[in-house]
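Here is how the chains run, residue by residue.
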Amino acid sequence: MQETKQRTLCEPFKIKMVEPIRVTTKAYREEALKKAGYNPFLLSSKDVFIDLLTDSGTGAMSDKQWGGIMTGDESYAGALSWEHLEDVVKKLSGMPYVLPTHQGRAAERILYGILGGKDKIFLSNTHFDTTRANIEFTGATAFDLMPDEANDPELFLPFKGNIDLEKTEQHILKYGKENIAAVVLTVTNNSSGGQPVSMENAKALRALCDRHHILLVIDGCRVAENSYFIKHREKGYEDKSYYAIAKEMLSLGDAFVMSAKKDGMVNIGGLLTLKNEALATKCKNLLIISEGFTTYGGLAGRDMEALAIGLTEVFDPDYLHYRIRSTAYLGEHLKEKGIPVVWPIGGHAVYIDAKQLYPNIPINQYPGQALVCDLYVQGGIRSVEIGSVMFGKYDASGALIPAKNELVRLAIPRRVYTQSHIDYALDVFDDILNLRNQTKGYKITYEPEFLRHFTARLEKIA
Ligand SMILES: *Cc1c(COP(=O)(O)O)cnc(C)c1O
C-alpha cells in the first residue's frame with residue numbers, strides 16, 4: 001500500500017542475508033585511487049563503500065528468486081525453468097517467439113546482425129552504447145533522434161525520453177523506407193538519463209512505422225520503470241496496473257530486446273522476443289550457433305527460473321514506488337543542496353552536471369572525472385564519468401574535442417542500499433560543496449584506442 005501522507009519512504013523489504021561493506025580511511029582511499037590511476041573502474045570492489053557505478057546486474061534477488069535458484073531445472077532441452085520463463089515472457093510481450101540470451105547485447109548482436117548491413121539505417125530516440133556498437137559493427141548507420149528541447153538539462157518535460165516523430169519521418173523520407181532496417185525505441189531512455197517515453201509517443205511511432213512498413217523494436221530493459229512514469233504522468237493511465245501498461249507498450253513493437261540485468265531483477269540474462277516467424281527462425285539459427293540451444297540461450301536453468309520470478313516481482317506497486325521515489329529522493333535532495341542535477345530525475349540514476357559544479361576546471365581537465373575522484377576520496381562512493389573522458393576525441397592537432405556534456409552518473413542498484421546509505425551519500429556531497437573551489441582537474445597519461453574510459457589512467461594536475 002502506498003501512503004498518501006508524507007512519511008519516510010521505507011524499503012518494502014526486510015533483510016535476510018547481509019554482505020559486509022567497509023568504510024576505509026581517507027588516506028587509504030587516496031592511496032587506492034592513486035594505484036587505480038584515478039580511474040574508479042580500476043578499483044577493487046572491496047575498497048568501495050557505496051557502489052553507484054551501474055544498475056546493471058548489481059541488484060539483489062528476493063528470497064523467492066533464491067528459492068528458484070535451488071529448484072531450477074538444468075535439463076539441456078525442454079527444461080521446466082525454460083517453460084516457466086517462456087510463459088511469463090509470452091504473456092508480458094504478447095509475442096509468440098521467445099529467445100533467451102546471456103545478456104542484452106547478445107540479443108542485439110543476433111537481431112541487428114540479421115537486420116543490419118552496409119547501407120542500412122537505424123533510427124532511435126537514443127541508441128544505447130551496445131546497441132549502437134552492434135549496429136555499426138554490421139556496417140549500418142545509427143541516428144539518435146531526440147527533440148531539441150530534451151537537450152536542456154534543466155527543463156522539466158514529463159517524457160523527456162521521447163523520440164522526435166518529425167525528425168524520424170524526415171529521416172525515413174531522406175534515406176528511403178526500404179533502407180531503414182528498424183526503428184529502436186529505448187524505454188526508459190538510458191543514455192538520455194533514464195527519462196521515460198510516453199504511450200502517446202510510442203503509439204504515434206507505431207503508426208508512423210505502419211505507414212512506411214518499418215520494423216519497430218522496443219529496447220525495453222526498463223519497461224517496468226517506464227510504466228511507473230506513464231501511470232503517474234500520462235492521462236488515461238491512472239487506473240491501469242504497471243503490468244498492463246508495460247504489456248500495452250510492448251504490444252506496439254514487432255520485437256522486444258531486453259537486458260534482464262535491469263528490470264529482470266537478476267544478475268545475468270537477456271531476452272529477444274519476436275512476432276514474425278521467418279525472422280524468429282533466422283534469429284534462432286544464430287542463437288544456436290553462438291549462445292546455446294533455443295530453450296536456454298546462454299543461461300543456466302536456475303538463471304531462467306530467477307528471471308521468470310524477477311519479471312513478476314518488478315511490477316509490484318510497492319517495489320516500483322520505492323524504486324522510482326528513492327532515486328528521486330537522492331536527486332531532489334542534491335538539488336536542494338545546490339548540486340546541479342539533470343532535471344527531472346529519471347528512473348535508475350541521478351546525473352550531475354560537473355561543468356556547472358566546477359566552473360574553475362577547464363573541460364580539457366575533465367571536471368566530471370574530478371567529481372568522480374572526489375566522491376571516492378571523500379566518501380568511498382564509486383560513480384562514473386559520462387563526459388569527455390568517456391566520449392572525448394582528438395582533432396588533427398591533438399586538441400580535445402569534448403563530449404556534449406560533462407556529467408557524473410550515480411546509478412542505483414535495485415533493492416541493495418537503504419535510505420541511510422543514500423543519506424550518507426548526501427552528507428558526502430556537503431564535503432564536495434565545501435571543497436569545490438580547491439578541486440583540481442586531471443590529465444590522461446595512458447589510454448587505449450577504443451572505449452578508453454574503462455582502462456585509461458590519469459594524473460591530478462598540481
Ligand atoms: C544495459 C543495456 C543494454 C545492453 O545490455 P547488457 O545486458 O549490458 O548486454 C542494451 N540497451 C539498454 C537500454 C541497456 O540499458
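Our subject is the structure that appears above.
Parameters at a glance
All residue numbers refer to positions counted from 1 along the written sequence of the respective chain. Note on the predicted model: pLDDT of at least 70 is required for a residue's local features to be given, and 80 or more for side-chain atom pairs to be given and counted; whole-chain, interface and lining totals, by contrast, use all residues. Neither water nor hydrogens contribute to the side-chain values; these are computed over all heavy atoms in the structure. Whether two strands pair depends on DSSP finding at least two bridges between them. In this text, helices come from DSSP runs of H or I with a minimum length of four residues, and strands from runs of E with a minimum of two, each type numbered from the N-terminal end. In this analysis an axis means a line fitted to C-alpha atoms, helices contributing only their contacting stretch, and an angle means the value between N-to-C directions, from 0 to 180 degrees. When at least one non-hydrogen atom of a residue lies within 4 Å of a molecule or strand, that residue is treated as near it. Here a polar contact is taken to be a pair of N or O atoms separated by no more than 3.5 Å, where protein atoms must pair a possible hydrogen donor with a possible acceptor and residues adjacent in sequence count only if both atoms sit in side chains. Areas reported as accessible are Shrake-Rupley estimates using a 1.4 Å probe. Residue values count occlusion only from the protein chains shown. When a residue's accessible area, from a 1.4 Å probe over protein chains only, is under 20% of the maximum for its type it is buried; when over 50% it is exposed; and in between it is partly exposed. Should an angle lie under 35 degrees it is considered roughly parallel, over 145 roughly antiparallel, and from 65 to 115 roughly perpendicular; all remaining angles are considered oblique. Helix crossings fall into two classes, left-handed where the near helix is turned counterclockwise from the far one by less than a right angle and right-handed where it is turned clockwise. Contacts are assigned to residue pairs that have any heavy atoms within 4.5 Å of one another. Put simply, Ala, Val, Leu, Ile, Met, Phe, Trp, Tyr, Cys and Pro go in the nonpolar bin, Asp, Glu, Lys and Arg in the charged bin, and everything else, Gly too, in the polar bin. Starting at the helix axis, one direction is taken to each C-beta atom, and the arc is that of these directions.

A. Summary view of the sheet that holds strand E8 (residues 270-274). Pairing in this open sheet of seven strands is mixed, and the strands run E2-E8-E7-E6-E5-E3-E4 from one edge to the other. The sheet is open, and its two borders are formed by strand E2 (97-101) and strand E4 (141-144), each paired with just one other strand. For this sheet, the mean angle separating the axes of adjacent strands, direction not counted, is 20 degrees. Bridge count between strand E3 (residues 121-124) and strand E5 (residues 180-186): four bridges; the pairing is parallel.

B. Representation of the site of the ligand. Taken together, 14 residues are adjacent to the ligand, and Arg105, Asn190, Asp219, Ser259 and Lys262 come closest. At 2.7 Å from an oxygen atom of the ligand is found a side-chain nitrogen or oxygen belonging to Arg105. The contact in question runs from an oxygen atom of the ligand to an N or O atom on the side chain of Lys262, over 2.8 Å. Calculation on the ligand without its partners gives an accessible area of 380 Å², and the protein chains cover 97% of this total.

C. Spotlight on the sheet that holds strand E14 (residues 407-411). Read from one edge to the other, the open sheet built from three strands follows the order E9-E14-E11, with strand pairing classed as antiparallel. Where the open sheet ends on each side, the last strands, each with one partner, are strand E9 (349-353) and strand E11 (384-386). Going from strand to strand, the sheet's axes swing by 30 degrees on average, the running direction of each strand aside. Sheet topology places E9 next to E14; five bridges connect them, and they run antiparallel.

D. Fine view of the pairing of strand E7 (residues 255-259). Of all five residues in E7, five are buried; the element is thus mostly enclosed. Side chains Ala255, Val257 and Ser259 project from E7 onto one buried face, and the interleaved Phe256 and Met258 project onto a second face that is buried too. Pairing analysis gives three bridges linking strand E6 (residues 216-219) to E7, with the strands arranged parallel. Within E7, the residue paired with Ile218 across the bridge is Phe256.

E. Quick look at the packing of helix H14 (residues 367-379) against helix H16 (residues 419-434). Between H14 and H16, the least distance of the axes is 10 Å, while the angle of their chain directions is 115 degrees. Viewed along their axes, H14 and H16 adopt a mutual orientation that is roughly perpendicular. Both H14 and H16 take part in a crossing whose hand is right-handed. Here Leu371, Asp374, Leu375, Gln378 and Gly379 of H14 lie close against H16, whose contacting residues are Tyr424, Val428, Phe429, Asp431 and Ile432. When its residues are assigned to classes, the contact of H14 with H16 shows six nonpolar, two polar and two charged.

F. View of helix H1 (residues 26-35). Within H1, the full set of buried residues consists of Arg29, Ala32 and Leu33. Buried residues of H1 fall within an arc of 95 degrees about the axis and therefore sit on the same side. Structural note: H1 exposes Ala27, Lys34 and Lys35 on the side pointing more than 90 degrees away from its buried face. Considering only its buried residues, H1 is in contact with H14. After H1 finishes, the residue Gly37 shows a positive phi value of roughly 60 degrees.

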